[in-house]
Amino acid sequence: MNIKKGDTVKVIAGKDKGAQGKVITVLREEDRVIVEGVNLVKRHTKSVQQTGTTGGIITREAPIHVSNVMLVEGDGVTRVSFRRDEVTKRRPDGSTYTASRSVRVSRKTGKEI
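So, how was this worked out
- Every chain is numbered on its own, with residues counted from 1 as its sequence reads.
- Note on the predicted model: pLDDT of at least 70 is required for a residue's local features to be given, and 80 or more for side-chain atom pairs to be given and counted; whole-chain, interface and lining totals, by contrast, use all residues.
- Just so you know, side-chain values use all the structure's heavy atoms and leave hydrogens and water out.
- Should a side-chain nitrogen of Lys or Arg be within 4 Å of a carboxyl oxygen of Asp or Glu, the pair is scored as a salt bridge.
- Secondary structure is summarised from DSSP: a helix means a run of H or I of at least four residues, a strand means a run of E of at least two, and numbering begins at the N terminus for each.
- Only protein chains enter the accessibility calculation, which uses a 1.4 Å probe; a residue whose area is less than 20% of its type maximum is buried, one above 50% is exposed, and one in between is partly exposed.
- Residues adjacent in sequence count toward polar contacts only when both atoms are side-chain atoms; beyond that, a polar contact is any pair of N or O atoms within 3.5 Å, and within protein one must be able to donate a hydrogen and the other to accept it.
- The criterion for strand pairing is that DSSP finds at least two bridges linking the strands in question.

Q: Before we go on, may I ask you to explain the pattern of salt bridges in this structure?
A: Where side chains of opposite charge bring their charged atoms close, a pairing between them can arise. Scanning the model with the defined rule gives three salt bridges in all. A salt bridge links aspartate 85 to arginine 83, with the nearest nitrogen and oxygen atoms 3.1 Å apart. Of the charged contacts, one joins arginine 101 and glutamate 112 as a salt bridge, the two residues approaching to 4.0 Å between their closest N and O atoms. One end of the pair, arginine 101, is in strand S10 (residues 96-106); the other, glutamate 112, is in the segment after S10, with eleven residues separating them in the sequence. Judged by relative accessible area, which is 45%, glutamate 112 ranks as partly exposed.

Q: Where do I start with the side chain of arginine 104 in this structure?
A: Locating arginine 104 in the fold gives a position in strand S10. In this structure arginine 104 comes out as buried when scored by relative accessible area, which is 9%. For arginine 104, the side chain forms a polar contact with the side chain of aspartate 7, separated by 2.9 Å.

Q: It is not clear to me how the pairing of strand S9 (residues 80-90) should be interpreted in this structure. Could you clarify?
A: Within a regular strand, side chains alternate between the sheet's two faces. Relative to S10, S9 is paired through eleven bridges, and the arrangement is antiparallel. Paired with serine 81 across the strands is valine 105, a residue of S10. A loop of five residues connects S9 with S10, the two strands running antiparallel in sequence, and glycine 94 in this loop sits at a positive phi of about 105°.

Q: Hey, could you run me through the sheet that holds strand S7 (residues 69-73) in this one?
A: Note on sheets: strands pair through backbone hydrogen bonds, and any given pair is parallel or antiparallel. The strand order S6-S3-S2-S1-S7-S8 describes an open sheet built from six strands, whose pairing is antiparallel. In the strand order of this sheet, the two ends are held by strand S6 (64-65) and strand S8 (76-78), each with one partner. In this sheet, S6 lies alongside strand S3 (residues 32-35) in antiparallel orientation, the contact comprising two bridges. If you follow valine 33 over to S6, its bridge partner there is isoleucine 64.

In structure tokens, the structure reads:
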């Protein structure tokens, strides 16, 4: 999945098209994300005396499919690709070795995200 928690995304389809927000949660199994201030739904809750919760209508964010959002970079949105970079790592005994690390890259600018 190209979107991570904390990314700023823009909604490109649906009732909230054009809205921007920060990703609160990523639901990998369902390919969905929860974005701050987007796809707001109202939940009618009951008051429960044992737990002390009060009833009422609560507005909160619902999940939106990851295909309906794009990562925001600078002024506009961009697609995401991945690149493997060679890095030098250190073992606990002090010796070093080379390994590869996966890096997210902007398709528009080619810069690391």
